[in-house]
Amino acid sequence: RIQTLRLMMNVCVLVLGLALVLTLCVARSPYQAVLQHSRIRGRQQGPNVCAMQQLKGTDKKYFTNCKQWYHRKICGKPTVITYECCPGYEKIPGEKGCPAALPLVNIYNTLGVVGASTTQMYSERAKLREEIEGPGSFTFFAPSNEAWAALPTEILDALVSNVNIELLNALHYHMVNRRLTSEELRHGSSFASMYQDFHVHIHHYSNGIVTVNCARLIKPDQHATNGIVHVVDRVITAVSNNVNTILDIDDDLETLRTAMTAAGLTGMLEEEGQYTVFAPTNEAFEKIPQETLNRILGDPVALRDLLNYHILKNMQCAESIVSGTPMETLQGTVLEVGCDGDEMTLNGKAIITKKDQLGTNGVVHYINELLIPDSAKVLLELAESSSVDTAAKLFVEAGLTPHLTGSEALTMLAPLDDAFKGSLTMTPDMRKLMINHIIKEQLSSKSLYHGQELETLGGLKLRVFVYRNNLCIENACIAAHDKTGRYATMFTVDKVLTPPMGTVMDVLKADDRFSLLVGAIQTAGMTELLNQQGALTFFAPTNDAFNTISPVDTIVKTAPSELSGVLRYHLGEGMLVSGGVSSHTRIKPLQGEKLELGRNSTVYVNKIPVADADLMATNGVVHAINNVIKPLREKADTDVSLLEKLTQIFAFWRSYHRC
């Protein structure tokens with residue numbers, strides 16, 4: 001009993017210990033997690049050393065997370081690793097690392113030792129020194145020396161020319177009348193400053209970046225006897241306007257204001273929230289073709305989608321971005337918000353001209369290019385903004401522009417550029433082909449099912465084939481996510497459609513490469529099989545395949561039945577286009593055990609390469625091969641017999657053809 005009791009006590013202690021660890025892990029802020037990682041990376045340099053990543057050629061440093069450590073990049077630019085004392089510690093001459101805790105002094109003296117001596121100097125000029133040396137518990141978001149140096153001259157002159165009012169007010173706005181550690185600077189929180197209770201706005205991002213009014217905390221948690229100092233990378237100013245007011249007072253956003261009013265979105269941006277608005281300037285709207293712009297401005301649904309595509313659900317200051325990250329918009333799709341050095345980027349483009357215009361309910365970044373979501377585009381615009389330039393050009397040349405720019409519910413099958421081979425001259429046949437790349441209804445690839453029939457504008461019926469690794473319409477398989485426009489959808493496909501023009505027998509008869517095979521089929525009595533309704537996959541030997549077999553002078557009297565067996569070994573059950581073949585795909589032939597298929601740059605059947613794939617028929621598909629198929633393993637006498645008869649029969653047909 002005593003042992004059992006001890007065991008139970010040990011288990012309880014262990015459970016409580018684990019619970020405590022889990023609680024600490026859950027409670028730890030993103031900044032503390034990144035700081036801890038920096039400590040781990042710096043511990044070989046001695047106690048209390050943090051590894052920092054410094055952008056090459058700049059003074060910008062970041063505590064490092066795991067991903068940044070291995071990539072050695074921030075905002076796409078290379079970094080170098082530097083080592084310095086973690087917050088709150090200092091070096092001792094002759095000793096390794098940073099073994100000594102910084103002595104606690106008041107805020108005024110702390111400013112002088114944490115890289116904020118300019119703030120210390122201005123505090124003295126503004127008669128703030130006595131306050132931050134005396135009793136109290138303050139938080140001081142202290143601009144670094146570099147932050148003051150970066151301030152425009154006219155603003156700095158206005159502050160220092162009136163130190164008793166303007167400068168003192170500015171410094172008081174950087175202060176909160178209570179001690180706030182980084183743990184307490186929670187995402188989306190705000191605190192009344194010591195300047196007329198105007199709030200400072202905090203954002204604590206999942207990557208460990210902490211900002212106040214979009215200024216990054218570069219040296220957080222510098223403790224003092226009468227508070228705490230967080231060194232920030234810029235001088236911050238009081239915020240009084242909401243996002244809608246920011247948009248409303250700038251003449252450079254006049255077109256945007258008109259559009260927002262028409263879409264009924266102004267009220268939303270006056271409400272409480274944490275919005276990020278990428279605000280297109282007048283110049284951005286002027287870059288759009290007038291016809292396109294008029295169409296969108298005149299369509300309430302498209303206009304609302306367009307504007308909501310410029311608004312993120314969460315507030316993102318520029319300093320919070322250290323790599324490309326997909327972020328959800330109010331429109332429902334995502335923008336990739338990233339950075340390239342000092343430039344903030346959208347979908348990989350450096351189109352942001354003014355950053356971090358902070359409001360009480362969000363932030364505004366100005367952009368010089370309008371972002372048009374797929375949901376506001378017509379079919380032609382979807383094609384022109386994708387990697388299907390050749391298809392877009394051919395659709396226009398085929399006279400299909402009215403369909404591609406109108407409000408019909410359609411689905412375009414747009415082949416990739418490298419799918420087009422040979423001449424692209426617009427002939428009647430080419431026009432007919434392009435018409436049959438447009439389906440009469442708007443579809444989603446997720447709603448397609450095996451055996452479904454789709455009618456094209458040309459009246460042709462196309463079949464849907466669902467495979468384990470692919471989704472195909474006839475021979476063309478979907479190669480990218482759907483692009484869903486205002487009225488229609490675009491499927492990007494990997495091949496130009498080759499619609500079925502007859503039965504399997506018709507396909508073979510129309511191609512001179514199969515003249516010997518056609519004769520063999522007729523002799524074997526299989527013409528009806530290849531003409532009737534069904535779904536077959538024919539690995540069809542070409543005349544070259546016959547010519548690889550040694551001739552024989554005679555053939556047994558049962559040749560037609562033997563020939564039928566050989567040909568049936570080349571016929572698979574069901575429709576298998578090349579896009580449905582993956583490694584180790586199997587198909588059951590009409591006679592024999594199985595056919596083994598695989599692919600690298602081409603498709604193979606029983607290790608024989610397919611020379612020409614996807615000759616589509618109404619009752620099957622033909623794949624041309626330049627060798628006859630042989631069983632991969634001779635497991636039984638029947639297999640050996642089949643191989644011997646195959647060689648004899650095909651050799652006979654070569655000799656017969658020559659006669």
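Residues numbered from 1 in each chain as written. Predicted model: local features only at pLDDT ≥ 70, side-chain atom pairs only at ≥ 80, totals over all residues. Heavy atoms only, no water.

1. Looking at the UniProt feature "domain: EMI" (unreviewed entry) in the protein chain
Those residues carrying the UniProt feature "domain: EMI" (unreviewed entry) are residues 46-100 in this numbering. Regarding residues 46-100, the helix share stands at 11% and the strand share at 44%, and the terminal C-alpha atoms are separated by 12 Å. (UniProt positions renumbered as here; feature names shortened; annotations may be inferred. Helix = DSSP H or I, 4+ residues; strand = E, 2+ residues; numbered from the N terminus.)

2. Some remarks on unusual backbone geometry
With phi around 55°, cysteine 75 is a residue other than glycine that occupies positive phi space. Relative to the elements of secondary structure, cysteine 75 occurs in the loop between strand 3 (73-74) and strand 4 (77-85). Here asparagine 347, not a glycine, exhibits a phi torsion of approximately 50°, which is positive. Residue position: asparagine 347 is located in the loop between strand 18 (343-346) and strand 19 (352-359). The class for asparagine 347 is partly exposed, based on a relative accessible area of 40%. (Buried < 20%, exposed > 50% of the residue type's maximum accessible area, 1.4 Å probe, protein only.)

3. Some remarks on the domain arrangement of the protein chain
Domains assigned within the protein chain are domain 1 (30-90), domain 2 (102-232), domain 3 (247-373), domain 4 (377-493) and domain 5 (504-625). For domain 1 versus domain 2, the distance between C-alpha centres works out to 23 Å. Of the residues lining the interface, 13 residues belong to domain 1; the matching set on domain 2 comes to 16 residues. Here domain 1 and domain 2 share an interface that buries about 1,100 Å² over both sides, 56% of which is from carbon and sulfur atoms. At the junction of domain 1 and domain 2, the tally comes to zero salt bridges. At the surface where domain 1 touches domain 2, the tally comes to four residue pairs in polar contact (both at pLDDT 80 or more). Residue contributions to the side of domain 1 that touches domain 2 peak at four residues, all from helix 2 (residues 30-42). Here the side of domain 1 that touches domain 2 is built from residues that sort into seven nonpolar, three polar and three charged. (Domains from an automatic or database assignment. Contact = heavy atoms within 4.5 Å. Buried area = accessible area lost by both parts, 1.4 Å probe. Salt bridge = Lys/Arg side-chain N within 4 Å of Asp/Glu carboxyl O. Polar contact = N/O pair within 3.5 Å; in protein donor to acceptor, adjacent residues only side chain to side chain. Nonpolar A, V, L, I, M, F, W, Y, C, P; charged D, E, K, R; others polar.)

4. Considering the packing of aromatic side chains
Taken as a whole and assessed by the stated rule, the structure comprises four aromatic pairs. Residue placement shows arginine 72 over the ring face of tryptophan 69; its charged tip is 4.4 Å from the ring centre. Positioned above the aromatic ring of tyrosine 62, the side-chain terminus of arginine 216 is 4.0 Å from the ring centre. (Phe/Tyr/Trp six-rings, centres within 6.5 Å; stacked < 30°, edge-to-face > 60°. Lys NZ or Arg CZ within 6 Å of the ring centre and 35° of its normal.)

5. Details of the state of the cysteines
For the structure on display, the rule yields five disulfides. Covalent S-S linkage joins cysteine 75 and cysteine 339, the inter-sulfur distance amounting to 2.1 Å. As the torsion about the S-S bond is roughly -90°, the cysteine 75-cysteine 339 disulfide counts as left-handed. Taken together, the residues span a long stretch of sequence, with cysteine 75 in the loop between strand 3 and strand 4 and cysteine 339 in strand 17 (residues 334-340) at a distance of 264 residues. (Disulfide = S-S within 2.5 Å.)

6. Re the sheet that holds strand 24 (residues 461-466)
Read across the sheet, four strands follow the order 23-24-25-26 without closing on themselves; strand pairing throughout is antiparallel. Of all the strands in the sheet, just strand 23 (453-455) and strand 26 (476-477) have a single pairing partner and so form its edges. With three bridges joining them, strand 23 and strand 24 adopt antiparallel strand pairing. For glutamate 453, the partnering residue across the bridge sits in strand 24 and is arginine 463. (Pairing = 2+ DSSP bridges.)

7. Here's the deal with the pattern of salt bridges
Within this structure, the stated rule accounts for 24 salt bridges. A salt bridge links lysine 77 to aspartate 340; the shortest N-O distance between them is 3.3 Å. With lysine 77 in strand 4 and aspartate 340 in strand 17, the pair connects residues that are 263 residues apart, well separated along the chain. Overall, lysine 77 belongs to the partly exposed group, its relative accessible area being 36%.

8. Some points on the nonpolar core
Nonpolar side chains in soluble globular proteins generally cluster together in the buried interior. Judged by nonpolar contacts, the single largest core of 49 residues is most densely connected at Val212, Phe278, Val337 and Leu346. Residues within four places of leucine 346 in sequence aside, it is in contact with Phe278, Leu335, Glu336, Val337, Ile351, Ile352, Ile367 and Leu371. Met268, Ile288, Val364 and Ala376 belong to the second largest nonpolar core, which has 27 residues in total. (Core = buried A, V, L, I, M, F, W, Y, C linked by side-chain atoms within 4.5 Å.)

9. Regarding the packing of helix 5 (residues 117-125) against helix 9 (residues 163-173)
Remark: helix 5 packs on helix 9, axes separated minimally by 9 Å, with the N-to-C direction vectors making an angle of 135°. Considering their axes alone, helix 5 and helix 9 lie oblique with respect to each other. Like other packed secondary-structure pairs, helix 5 and helix 9 cross with a definite hand, here left-handed. Taking contact as the criterion, the partners of Thr119, Tyr122, Ser123 and Arg125 in helix 5 are, on helix 9, Val163, Leu167 and Leu171. Looking at the contact of helix 5 with helix 9 residue by residue, the class counts come to four nonpolar, two polar and one charged. (Axes fitted to C-alpha atoms, helices over the stretch in contact; angles between N-to-C directions. Parallel < 35°, antiparallel > 145°, perpendicular 65-115°, else oblique. Left-handed = near helix turned anticlockwise from the far one by under 90°.)

10. Side note on the packing of helix 11 (residues 254-263) against helix 14 (residues 300-308)
Running from amino to carboxyl end, helix 11 crosses helix 14 at an angle of 125°, the nearest separation of the two axes being 9 Å. The angle between helix 11 and helix 14 places the two elements in the oblique class. When you trace helix 11 past helix 14, the crossing you get is left-handed. Listed contacts from helix 14 to Leu256, Ala259, Met260, Ala262 and Ala263 of helix 11 are Leu303, Arg304 and Leu307. Of the residues that constitute the contact of helix 11 with helix 14, the class distribution is seven nonpolar, no polar and one charged.

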